[in-house]
Amino acid sequence: MRKLGLIGGMSWVSTAMYYEQINKGVARREGGLTSAPLLLESLDFGVVAQLQAAGDWDGWAAMLCASAKRLVQAGAEGLVLCSNTAHKLYDRVAAEAGVPILHIGEVTAEKLVRDGVKRAGLIGTRFTMTENFYRDRLEAHGISVTTPEPAMMHEIDRIIFEELTRGNVSRVSQRTLKTCLTLLSQTRQQAVILGCTELAMLVDPVANVLPVYDTTALHARAAVEWILAEPDADPELAAPIPEEADFL
């Protein structure tokens, strides 16, 4: 198995999901007591959030690049950024890391294409919903992307930063997300992308008005495939992602 480095702490809540899902996936595939060979560095999300709020992307990029280098020096053969928003800086980190980094947007887009989805709603942090770094990856695969109305985007962003990153889930926020998905369905979307790793805490992917794509789960499955790939396999190519029943 290849050793994978995780850059986490953005937030620790979603990083815990990655750790659990990757290990479960490897155990299911390999059997017995097998677990995944992982290196994890968990950043201080308090500092990260301050940099995001200030628009200090250079500061955050420096943190991510330094983390990537430490993980590679410790033996990581590939990396995962355990955050959708962090992929705003993907190109800068990839240029410094010197090892493959599995892109969450690319993994998600490939799954949507396989499922025949051409129109999808995207929800996440305000950065993911309003900037082009994520949308461009999806649209490059022929997927038209729609985001909620501004007031709903503001409320989703608030829920993420004030509740979910602290591990808090409220019924009010669950109802808000359900309303959001219903409104997106009325705009003739074929699916909704949970473009924030913590949003799966609020949404049941199998019990909604639209198919829901949990990017954390998709990213974790791609990580499992990369860990278990043959040594001479192209590290940039993800193998077909197994369905949920085959993974969990």
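What counts, and at which threshold
Residues numbered from 1 in each chain as written. Predicted model: local features only at pLDDT ≥ 70, side-chain atom pairs only at ≥ 80, totals over all residues. Heavy atoms only, no water. Helix = DSSP H or I, 4+ residues; strand = E, 2+ residues; numbered from the N terminus. Buried < 20%, exposed > 50% of the residue type's maximum accessible area, 1.4 Å probe, protein only. Contact = heavy atoms within 4.5 Å. Areas by Shrake-Rupley, 256 points an atom, 1.4 Å probe, with all protein chains shown as cover. Lys, Arg positive; Asp, Glu negative; His and termini not counted. Charge placed at Lys NZ, Arg CZ, Asp CG, Glu CD. Core = buried A, V, L, I, M, F, W, Y, C linked by side-chain atoms within 4.5 Å. Pairing = 2+ DSSP bridges. Axes fitted to C-alpha atoms, helices over the stretch in contact; angles between N-to-C directions. Disulfide = S-S within 2.5 Å.

Caption draft 1: Here's a closer look at the overall build of the protein. Along the protein, the regular secondary structure elements total 11 helices and 8 strands. The buried share of the protein, reckoned over its 248 residues, is 52%. Here the analysis covers contacts within the protein between residues at least 6 apart in sequence; of these, 74% occur between residues at least 24 apart. For the protein, the exposed surface amounts to about 11000 Å²; the carbon and sulfur share of it is 51%. If the 23 positive side-chain charges of the protein are averaged to one point and the 31 negative ones to another, these points end up 5 Å apart.

Caption draft 2: View of the nonpolar core. Formed by 48 residues in total, the largest nonpolar core has its most connected members in M10, W60, L64 and I123. For this core, the leading source of residues is helix 3 (residues 57-73), giving 7 residues. Ranked by size, the runner-up nonpolar core spans 33 residues in total, among them I104, A120, A191 and Y213.

Caption draft 3: Region of the structure containing the sheet that holds strand 6 (residues 144-146). Read from one edge of the open sheet, 4 strands run 6-5-7-8, paired in parallel fashion. Each edge of the open sheet carries a strand with a single partner, namely strand 6 and strand 8 (212-214). The average undirected angle you get between the axes of adjacent strands in this sheet is 30 degrees. Relative to the sheet, helix 7 (residues 132-139) contacts strand 5 (119-124), strand 6 and strand 7 (191-195), its axis offset from that of strand 6 by approximately 145 degrees.

Caption draft 4: Expanded view of the state of the cysteines. Scanning all chains against the criterion turns up 0 disulfides. Take C180: it sits in no disulfide, and the sulfur closest to it among the cysteines is that of C196, at 13 Å. Classification of C180 as buried rests on a relative accessible area of 1%.

From the geometry alone we can't say anything about function, so treat these as descriptive.
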